[in-house]
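# Structural overview
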Amino acid sequence: MKNKIAIILSLLFMSVIAYYGHNWVINMDDKESKLRNSRLKPIIFIPGSNADINRFNSLISKLNNTEPKHSILKVQVNTDGSLDYFGSLNSKDLRPFIVIGFKNNNDGYSNIKKQYEWLNIAMNDLQTRYHFKNFQAIGHSNGGLIWTGFLENGYDEDKFQISDFMSLGTPYNFSETSPTRPTVILKEYIENKNKLPKNLSVYSIAGTEDYTDDGVVPVQSVMAGKYIFQKQVKLFTQITVSGEEAQHSNLPKNDEVISLIQEYLLKTFKSKGKNNFK
């Protein structure tokens with residue numbers, strides 16, 4: 001009698017496992033199908049330290065002065081990993097703008113490490129909600145460091161496909177002006193550069209007020225990005241902008257930067273004078 005009960009229970013257990021296993025496979029196939037067939041390709045922005053999800057309002061407003069208009073979604077990542085969403089994506093908009101900011105937006109490498117871990121949480125949640133695989137990225141100042149850390153440590157090519165990454169005034173060597181004195185962050189990013197996506201195009205934008213810095217970040221620190229990306233990704237392009245709006249905090253609304261985004265990411269303008277380092 002005991003053997004019969006054991007056999008019946010075993011069969012019931014196997015039936016339950018088979019049922020839920022079958023449903024899990026179906027759900028995974030459905031998710032993969034949605035991701036594979038999705039035409040959605042957002043541009044995802046990350047602000048620098050001490051800046052919030054409204055940092056790119058002026059930049060986005062300028063980009064939306066021309067057709068087509070792009071819908072805007074903002075995501076704030078809290079310190080416990082929870083997410084607050086603001087705005088919405090238009091179901092007909094295949095190139096929306098998404099801004100990801102952090103409740104703890106303090107400076108410092110230890111905090112940047114936390115931020116690119118929080119970015120991983122946000123990216124996974126966004127994919128679950130909106131079923132996209134392809135995207136492009138823009139980071140201002142330390143936002144570029146957060147993206148770089150994510151691409152080396154949290155990025156999974158089986159889940160996501162990033163085609164283009166543009167950093168604006170990103171201090172790859174913090175405040176150091178000489179590449180012979182690499183900071184801890186530059187050393188670690190160079191050490192892990194082989195983890196970068198190989199099919200990525202990177203555009204590093206430096207601003208200059210006096211050809212030495214943008215008022216905050218030394219030009220040499222921005223250009224130190226070549227030690228991370230050059231010969232590791234498909235394309236590395238270093239561009240310098242100058243003029244009245246080339247100061248660090250003004251880079252996101254600089255008209256030349258707007259044109260570069262339109263050319264390289266939105267593909268609406270052609271410009272001259274770029275320097276390519278492959």
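### What to know about the pairing of strand 4 (residues 97-102)
For strand 4, the tally of buried residues reaches six of six residues, placing the bulk of the element in the interior. Of the two faces of strand 4, the one holding Phe 97, Val 99 and Gly 101 and the one holding Ile 98, Ile 100 and Phe 102 are both buried throughout. The sheet contact formed by strand 2 (residues 72-77) and strand 4 spans six bridges and is parallel. Bridge pairing links Val 77 to Phe 102 in strand 4.

### Side note on the packing of helix 4 (residues 142-153) against helix 5 (residues 184-191)
The interhelical angle for the contact between helix 4 and helix 5, taken along N-to-C directions, is 35 degrees, at an axis separation of 10 Å. Two packed elements cross with a definite hand, and for helix 4 against helix 5 that hand is left-handed. For the pair helix 4 and helix 5, contact is made by Leu 145, Thr 148, Gly 149 and Glu 152 and by Ile 185, Glu 188 and Tyr 189, respectively.

### Regarding the confidence of the model for the protein chain
For the protein chain, mean pLDDT is 88; residues scoring 70 or higher make up 83% of the total. Across residues 268-278 the pLDDT falls below 50, and counting only partners more than four positions away or on other chains, this stretch makes 25 contacts in the model.

### Details of helix 5
Within helix 5, the full set of buried residues consists of Ile 185, Leu 186 and Tyr 189. The arc that holds the buried residues of helix 5, viewed along the axis, is 100 degrees, so those residues lie on one side. Seen from the open side of helix 5, the exposed residues pointing more than 90 degrees away from its buried face are Val 184 and Glu 191. Buried residues along helix 5 sit in contact with helix 3 (109-130), helix 4 and helix 7 (226-229).

### Observations concerning the pattern of salt bridges
Per the stated rule, a full pass over the model turns up five salt bridges. We note a salt bridge from Lys 62 to Asp 255, for which the minimum N-O separation is 2.9 Å. Placement of Lys 62 in helix 2 (residues 57-63) and of Asp 255 in helix 8 (residues 255-264) is noted, with a sequence separation of 193 residues between them. We note a salt bridge from Glu 176 to Arg 181, for which the minimum N-O separation is 3.0 Å. The exposure class assigned to Glu 176 is partly exposed, which follows from its relative accessible area of 23%. Taken together, the shared-partner salt bridges in this structure form one network comprising Lys 62, Glu 245 and Asp 255.

### Here's the deal with the side chain of Asp 93
Within the secondary structure, Asp 93 is located in the loop between strand 3 (83-87) and strand 4. Here Asp 93 sits buried without a salt bridge, and the closest side chain of opposite charge, Arg 95, lies 7.0 Å off (N-O distance). Among the polar contacts listed, one links the side chain of Asp 93 to the backbone nitrogen of Ser 71, at a separation of 2.6 Å. Setting aside residues up to four positions removed in sequence, Asp 93 forms contacts with Leu 40, Lys 69, His 70 and Ser 71.

### As for the nonpolar core
Counting 44 residues, the largest nonpolar core has Ile 100, Leu 119, Met 123, Phe 135, Trp 147, Phe 165 and Phe 229 as the members making the most contacts within it. Ranked by residue count, the leading element in this core is helix 3, at eight residues. If you look at the next biggest cluster of nonpolar residues, it comprises 26 residues, including Ile 43, Val 99, Tyr 203 and Ile 239.

### Examining the packing of aromatic side chains
In this structure the tally under the stated criterion is 13 aromatic pairs. A ring pair is formed by Phe 229 and Phe 236, whose centres lie 6.1 Å apart and whose planes are at 10 degrees; its orientation type is stacked. Accessibility classification places Phe 229 together with Phe 236 in one group, the buried group. The aromatic ring of Tyr 85 is capped on one face by Arg 129, whose charged end is 3.9 Å from the ring centroid.

### Focus on the packing of helix 3 against helix 4
Contact geometry of helix 3 with helix 4 gives a least axis separation of 9 Å together with a crossing angle of 65 degrees. In terms of orientation, helix 3 lies roughly perpendicular with respect to helix 4. Read as a crossing pair, helix 3 and helix 4 show a hand that is right-handed. Contacts between helix 3 and helix 4 involve Ile 112, Gln 115, Tyr 116, Leu 119, Asn 120 and Met 123 from the first element and Asn 142, Leu 145, Ile 146, Trp 147, Gly 149, Phe 150 and Asn 153 from the second. Of the residues contributing to the contact of helix 3 with helix 4, the split by class is eight nonpolar, five polar and no charged.

### Quick look at the pairing of strand 7 (residues 201-208)
Counting buried positions along strand 7 yields eight of eight residues, so the element is predominantly enclosed. Of the two faces of strand 7, the one holding Ser 201, Tyr 203, Ile 205 and Gly 207 and the one holding Val 202, Ser 204, Ala 206 and Thr 208 are both buried throughout. In this sheet, strand 7 lies alongside strand 6 (residues 161-168) in parallel orientation, the contact comprising five bridges. Along strand 7, the bridge assignment pairs Asp 164 with Ser 201. Taken together, strand 6, helix 5 and strand 7 form a β-α-β motif whose crossover is right-handed.

Cut-offs used in this document
- Residues numbered from 1 in each chain as written.
- Predicted model: local features only at pLDDT ≥ 70, side-chain atom pairs only at ≥ 80, totals over all residues.
- Heavy atoms only, no water.
- Buried < 20%, exposed > 50% of the residue type's maximum accessible area, 1.4 Å probe, protein only.
- Helix = DSSP H or I, 4+ residues; strand = E, 2+ residues; numbered from the N terminus.
- Pairing = 2+ DSSP bridges.
- Axes fitted to C-alpha atoms, helices over the stretch in contact; angles between N-to-C directions.
- Left-handed = near helix turned anticlockwise from the far one by under 90°.
- Contact = heavy atoms within 4.5 Å.
- pLDDT = per-residue confidence, 0-100.
- Arc of directions from axis to C-beta.
- Salt bridge = Lys/Arg side-chain N within 4 Å of Asp/Glu carboxyl O.
- Lys, Arg positive; Asp, Glu negative; His and termini not counted.
- Polar contact = N/O pair within 3.5 Å; in protein donor to acceptor, adjacent residues only side chain to side chain.
- Core = buried A, V, L, I, M, F, W, Y, C linked by side-chain atoms within 4.5 Å.
- Phe/Tyr/Trp six-rings, centres within 6.5 Å; stacked < 30°, edge-to-face > 60°.
- Lys NZ or Arg CZ within 6 Å of the ring centre and 35° of its normal.
- Parallel < 35°, antiparallel > 145°, perpendicular 65-115°, else oblique.
- Nonpolar A, V, L, I, M, F, W, Y, C, P; charged D, E, K, R; others polar.
- Right-handed = clockwise from strand over helix to strand, strands pointing away.

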